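Structure assessment
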Amino acid sequence: MAPAELRYDGQTVVVTGAGGGLGRDYAVFFGSRGANVVVNDLGGSFKGEGGGSAAADKVVQEIRAAGGKAVPNYDSVENGEAIIKTAIDNFGRIDVLINNAGILRDVSFKNMKQQDWDLIYKVHVKGAYKCAHAAWPYFRKQKYGRLISTASAAGLFGSFGQTNYSAAKLALVGFTETLAKEGLKYNIHCNVIAPIAASRMTETVMPPDVLAKLKPEWIVPLVAVLTHKSCSETGSIYEAGGGHIAKLRWERSKGALFKPDESLTPGAVAAKWKEIVDFSQPEHPQGPANAMELLESAFKLPSSPK
Ligand code: NAD
């Protein structure tokens, strides 16, 4: 890993939803470290209503006033081609994409309307797809790219009143894990973060004393490291908030093996339930690679007692 001052000179960084909150802090950081920055934001409310150019313009002015290079883009992330085109038209390249734009439509599942579900999916999942898909050919061609997508603890663990948001956010984990595999040989590294930070998104659900301990600028260093050329991490999930940064991974119980024949009955599964849910000998799978091995071992077993 590179030393203290990570720089991005000559690189172009696109940050979606950079007109406020976390995205603004990412954009200002990259602008201060030599990058050309595309500040995307459609300027709506945190529920995805309305829009305008003021939010993105303000951040662009801030970066320029500090001596950095930035241009605004006001498209919705659903129109990812236009956002990446802004990078290419103005700076001739794209090196880093931060899928950060997001909105909330919190409502209990009982009261959820189709439009609450669809809008969250469109901004978070389709938006991340459209931006990444537009950047991908450039990343592949130049054999370099860094992609961050933004999940959430709500997606990883569930959160009352957020089925739409949780589903969309966990989708970005699968999206990232697959893109990391597809991008590996092109030096395209893809990671996903689950931040916790004070922003207009969290100010209505967290008390002020907690919010004071969750500054958005404390998420920036993780994103800076993950998007730097020196970082080889890819396909990983990170949590960050309030000064704590950690990596997450899947854990699988050792589980139980059954001979795959007519003896694999509900009763046989129930009899081995303790083994199935026992995490005392955990495995940390990174793919389905050992499935064939397990299958072969299972075939060698005696049938389960009826
Ligand atoms: P925020 O509301 O301050 O920032 C989100 C930005 O995205 C806004 O400026 C908004 O205008 C913009 N945006 C919304 N829809 C857009 C669209 N279709 N196209 C372009 N821009 C759009 O919220 P934040 O807390 O900074 O959130 C940033 C990201 O982090 C989001 O993806 C959010 O879901 C995620 N997140 C935040 C927290 C947290 O604790 N703040 C926790 C988990 C995940």
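First things first, this report covers the structure right here in the doc. (Residues numbered from 1 in each chain as written. Predicted model: local features only at pLDDT ≥ 70, side-chain atom pairs only at ≥ 80, totals over all residues.)

Take the packing of helix α3 (residues 80-91) against helix α4 (residues 114-142) next. Each pair of packed helices gets described by two things: the angle between the helix axes and the distance between those axes. For the pair α3 and α4, the least separation of the axes is 7 Å and the interaxial angle reads 40°. By the angle between their directions, the pair α3 and α4 is classed as oblique. Taken as a pair, α3 and α4 cross one another with a handedness that is right-handed. Contacts from G80, E81, I83 and I84 of α3 reach α4 at G127, K130, C131, H133, A134 and A135. Residue classes in the contact of α3 with α4 are distributed as 5 nonpolar, 3 polar and 2 charged. (Axes fitted to C-alpha atoms, helices over the stretch in contact; angles between N-to-C directions. Helix = DSSP H or I, 4+ residues; strand = E, 2+ residues; numbered from the N terminus. Parallel < 35°, antiparallel > 145°, perpendicular 65-115°, else oblique. Left-handed = near helix turned anticlockwise from the far one by under 90°. Contact = placed C-beta atoms within 7 Å. Nonpolar A, V, L, I, M, F, W, Y, C, P; charged D, E, K, R; others polar.)

Across the sheet, which stays open at both edges, the 8 strands sit in the order β3-β2-β1-β4-β5-β6-β7-β8 with mixed pairing between neighbours. The outermost strands of the open sheet, each flanked by one partner alone, are β3 (69-73) and β8 (244-248). In this sheet, adjacent strand axes meet at a mean angle of 20° when their direction is disregarded. Examined bridge by bridge, strand β1 (residues 12-15) and strand β2 (residues 36-40) share 4 bridges and lie parallel to one another. Residue pairing in the sheet places V14 in a bridge with V38 of β2. (Pairing = 2+ DSSP bridges.)

The next subject is helix α1 (residues 21-32). Helical geometry: 3.6 residues make up each α-helical turn, so side chains three or four residues apart lie on a common side. Here α1 spans 17 Å end to end across 12 residues, near enough to the 16 Å set by a 1.5 Å rise per residue. The element α1 is largely enclosed, with a buried count of 11 among its 12 residues. Those residues of α1 lying buried are G21, L22, G23, R24, D25, Y26, A27, V28, F29, F30 and G31. Two residues or fewer after α1 comes G34, characterised by a positive phi angle close to 90°. (Expected span 1.5 Å × (residues − 1). Buried ≥ 20, exposed ≤ 12 C-beta atoms within 10 Å, placed from the backbone.)

Contacts to the ligand come from 33 residues, most closely from G17, G21, A101, G102 and S199. Those elements that place two or more of their residues in the shell around the ligand are α1, α4 and β6 (188-196). Taken together, the residues of the shell around the ligand break down into 13 nonpolar, 18 polar and 2 charged. (Near = placed C-beta within 6 Å.)

Judged by how many residues are buried, β8 sits mostly at the surface: 0 of 5 residues are covered. Once strand β7 (residues 237-241) ends, the chain turns through 2 residues before running back antiparallel as β8, passing G242 with a positive phi of about 60°.

With that settled, consider the environment of K58. Considering the arrangement of structural elements, one finds K58 in helix α2 (residues 54-65). Taking the number of C-beta atoms within 10 Å as the measure of exposure, K58 has 16 and is therefore partly exposed. Distance in space between the C-alpha atoms of K58 and P72 is 9.2 Å, their sequence separation being 14 residues.

V14, Y26, A27, V37 and V39 are the most contacted members of the largest nonpolar core, which has 68 residues in total. At 9 residues, α4 tops the list of elements feeding residues into this core. In this structure, Y26 is in contact with V15, A18, I98, N100, V220 and V223, ignoring residues within four places of it in sequence. (Core = buried A, V, L, I, M, F, W, Y, C linked by C-beta atoms within 7 Å.)

One way to put it is that α4 packs onto helix α6 (residues 163-183) with a least axis distance of 9 Å and a crossing angle of 15°. When the axis of α4 is compared with that of α6, the two are roughly parallel. Classified by chirality, the crossing of α6 by α4 is right-handed. Note on element contacts: α6 touches α4 through N164, Y165, A168, K169, A171, L172, F175, L179 and G183, opposite D116, W117, I120, Y121, H124, V125, A128, A132 and F139.

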